[in-house]
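# Breakdown of the fold
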Amino acid sequence: MPYQAFAGEPAARSAKASPADVRRNNRQIIFNLLFPTNQFSRAELGRQTGLSRVAVSDVVGQMLEEGLLRETGQAPSAGKGKRGTLLSIDTDRLRIISIDLTQEHLLNGAVTNLLGQPLKRAEITLNDDGDVSAQIIIELIEKMLGMSDGEIIGIGISSPGVVDNGVVRSSTMRGWRDLDLATPISDHFGIDVTVTNDAISAVLTERFFGQGGPNMLFVRMDVGIGSAILVNNRPVIGEMHAAGEIGHISIDLNGPLCPCGKRGCLERYLSGNILKTRMENASENQRQEILREAGLHLGQALAMPAGLLDLADICVFGQPLVVNDVFLEATQQYLDAATVSSFHKHTVVRRCECGPDIIVQGEAIAVILHYLATK
Ligand SMILES: [Zn+2]
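Here's what I pulled together on the structure shown here. (Residues numbered from 1 in each chain as written. Predicted model: local features only at pLDDT ≥ 70, side-chain atom pairs only at ≥ 80, totals over all residues. Heavy atoms only, no water.)

The number of helices and strands found in the protein is eleven helices and 16 strands. Projected onto its principal axes, the C-alpha positions of the protein cover 70 × 55 × 40 Å. Looking at the protein alone, contacts between residues at least 24 apart form 61% of all its contacts between residues at least 6 apart. Approximately 17400 Å² of the protein is accessible, and the part contributed by carbon and sulfur atoms is 50%. Across the protein, 34 positive and 43 negative side-chain charges occur, with their mean positions spaced 8 Å apart. (Helix = DSSP H or I, 4+ residues; strand = E, 2+ residues; numbered from the N terminus. Contact = heavy atoms within 4.5 Å. Areas by Shrake-Rupley, 256 points an atom, 1.4 Å probe, with all protein chains shown as cover. Lys, Arg positive; Asp, Glu negative; His and termini not counted. Charge placed at Lys NZ, Arg CZ, Asp CG, Glu CD.)

Spatially, β1-β3-β2 is the arrangement adopted by the three strands of the open sheet, whose pairing is antiparallel. The open sheet terminates on both sides in strands that have one partner only, identified here as β1 (40-41) and β2 (69-74). Across two bridges, β1 lies against strand β3 (residues 85-89) in antiparallel orientation. Considered in β3, the bridge of Ser41 is made with Leu86. Packed on one face of the sheet, helix α3 (residues 53-66) meets β2 and β3 and runs near 110° to β2. (Pairing = 2+ DSSP bridges. Axes fitted to C-alpha atoms, helices over the stretch in contact; angles between N-to-C directions.)

Between helix α2 (residues 42-49) and α3, the least distance of the axes is 10 Å, while the angle of their chain directions is 120°. With respect to α3, the axis of α2 lies oblique. Judged by the sense of rotation from one axis to the other, the crossing of α2 with α3 is right-handed. Residues Arg42, Leu45, Gly46 and Thr49 of α2 form the contact with α3, whose participating residues are Val56, Val60 and Leu64. By residue class, the composition of the contact of α2 with α3 is four nonpolar, two polar and one charged. (Parallel < 35°, antiparallel > 145°, perpendicular 65-115°, else oblique. Left-handed = near helix turned anticlockwise from the far one by under 90°. Nonpolar A, V, L, I, M, F, W, Y, C, P; charged D, E, K, R; others polar.)

Turning our attention to the nonpolar core. Counting 31 residues, the largest nonpolar core has Ile30 and Leu68 as its most contacted members. Broken down by secondary-structure element, the contributors of at least two residues to this core are α1 (19-34), α3, β3, β4 (94-100), α6 (198-209) and α11 (358-374). Among the elements that line this core, the one with the most residues is α11, at eight residues. Here this core spans two domains, and each of domain 1 (19-89) and domain 2 (94-202 + 357-374) adds at least three residues to it. Leu68 has contacts with Arg27, Phe31, Met63, Ser88, Ile89, Asp90, Leu94, Leu114, Tyr371 and Leu372, leaving out every residue within four places of it along the chain. In terms of nonpolar packing, the next biggest core, distinct from the first, is built from 28 residues, Leu266, Leu270, Leu302 and Ile314 among them. (Core = buried A, V, L, I, M, F, W, Y, C linked by side-chain atoms within 4.5 Å. Buried < 20%, exposed > 50% of the residue type's maximum accessible area, 1.4 Å probe, protein only. Domains from an automatic or database assignment.)

As a further point, take the side chain of Ser159. Within the fold, Ser159 resides in strand β7 (residues 151-159). Excluding its chain neighbours within four sequence positions, the residues that come into contact with Ser159 are Leu101, Val168, Trp176, Val195, Thr196, Asn197 and Asp198.

Closest axis-to-axis distance for the helix α8 (residues 272-280)/helix α9 (residues 284-308) pair is 9 Å, and the angle between their directions is 155°. Viewed along their axes, α8 and α9 adopt a mutual orientation that is roughly antiparallel. You can see that α8 and α9 cross each other, and the crossing is right-handed. Of α9, the residues touching α8 (which contributes Leu275, Arg278, Met279 and Glu280) are Arg287, Ile290, Leu291, Glu293 and Ala294. Looking at the contact of α8 with α9 residue by residue, the classes come out as five nonpolar, no polar and four charged.

With that out of the way, let us pick up the layout of surface pockets. Of the voids in this model, the largest pocket is the one considered here, and its volume is about 730 Å³. Taken together, 38 residues form the lining of the largest pocket, with Ser171, Thr172, Met173, His248 and Glu267 sitting closest to its centre. For the lining of the largest pocket, the elements supplying multiple residues, two or more each, are β9 (167-171), β10 (176-180), β13 (225-231), α7 (266-270) and α8. Across the lining of the largest pocket, the residue classes tally to ten nonpolar, 15 polar and 13 charged. (1 Å grid on protein atoms, 1.4 Å probe; cavity = no way out; pocket = protein on both sides within 12 Å on 5 of 7 lines; lining within 4 Å. Points joined across faces, edges and corners; volume = space filled by probe spheres on them.)

Next up on the list: the side chain of Arg174. Along the chain, Arg174 turns up in the loop between β9 and β10. We note that Arg174 is buried and unpaired, the nearest opposite charge coming from Asp131 at a distance of 7.0 Å. A distance of 3.0 Å separates the side chain of Arg174 from the backbone oxygen of Gly130, its partner in a polar contact. (Salt bridge = Lys/Arg side-chain N within 4 Å of Asp/Glu carboxyl O. Polar contact = N/O pair within 3.5 Å; in protein donor to acceptor, adjacent residues only side chain to side chain.)

Looking at the zinc ion, one finds its protein donor set to be His248 (ND1), Cys258 (SG), Cys260 (SG) and Cys265 (SG), positioned 2.1 to 2.3 Å from the metal centre. Each of the four donor atoms bound to the zinc ion contributes to angles spanning 99 to 120°, and the resulting shape is tetrahedral. Each donor residue of the zinc ion lies on one chain, and together they are spaced H-x9-C-x1-C-x4-C. In this structure Cys260 comes out as partly exposed when scored by relative accessible area, which is 31%. (Donors = N, O, S within 2.8 Å, 3.2 Å for Na, K, Ca; no water. Tetrahedral: all angles 85-135°; square planar, octahedral: opposite > 155°, others 65-115°.)

We now examine the packing of aromatic side chains. Two descriptors summarise a pair of aromatic rings, namely the distance from one centre to the other and the angle between the planes of the rings. Applying the stated criterion across every chain, the model contains three aromatic pairs. For the pair Phe31 and Phe35, a centre-to-centre distance of 5.6 Å together with 20° between the ring planes defines the contact as stacked. Like Phe35, Phe31 is buried. Seen from their ring centres, Phe35 and Phe209 are 6.3 Å apart, and the 85° between their planes marks the pair as edge-to-face. (Phe/Tyr/Trp six-rings, centres within 6.5 Å; stacked < 30°, edge-to-face > 60°.)

Here's what the structure looks like:
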């Protein structure tokens, strides 16, 4: 089943939709309205979805039983009729195991609630070569299963690289090609496993818990550089599941050699690690110049997609040593010069403020979306 975020259109009207499809669809719509922290009565959910009172009450009843929703008190009186009971996402019962594969020397994971908030954490440190196998991931999950105080509805793995249906097609950072992570891990535990590209996991956190709206270009600068594009609330996946993989697009065919085999990849100029190394022995002035130059490169790389897709919000996640005012001002300056016109409004570049849990939280959200789309 392809990765689908924010699925759920008003009740399926196609003649082919089975009652189970309609019910699943209605569940997604109601969950989306309440996620992450809204509270509505059944009557209000009916008004917002256009579903009948019977349909809402049927679906809500099932979701309460399942542990997805809970009743949280009385709605304020609307003047006439009896006051409705408010519903919200239940954070007490169901749990998710979420794993972050994006750190060089560390595997870390968390048991989260249905908002993706970490409740318990576990880590495994990696050898110097940073090798990760499905077996090490299984060890980490085994540790975490013992920590969970609720039923696990799914395991999520956030990986760098191109991810297609549970298989990492390629990851330069991990040195993987066509590595199936979902099958061995779900076979081992008998639990559904979702694998998501790291930038997509991160953009989900930014969308629900940060400042991001339904349309944004999200950039993650860490060991490498990756991006995710959210259009009308849906992450763009792409024909080859590689949308947002800007790190290995060359901006100079004669530039420095990259481990991927090409020359002048964007990552050679903009990875957080490379910039940190370059700044290590530099003077304060030189550091500012390195960051300014890198910021201009990012602006150059993003001006075209921002204009092409008419995106006004660019959110950059990365260490403060790199993604700071000097860097972002240079990116903004380039974008203003390249894109502002009478028909293209100002694209604003800003720093992502979601913090270090952005990947585990976003991956947990990906698991919930997968669960709602399939169960
Ligand atoms: Zn490359």
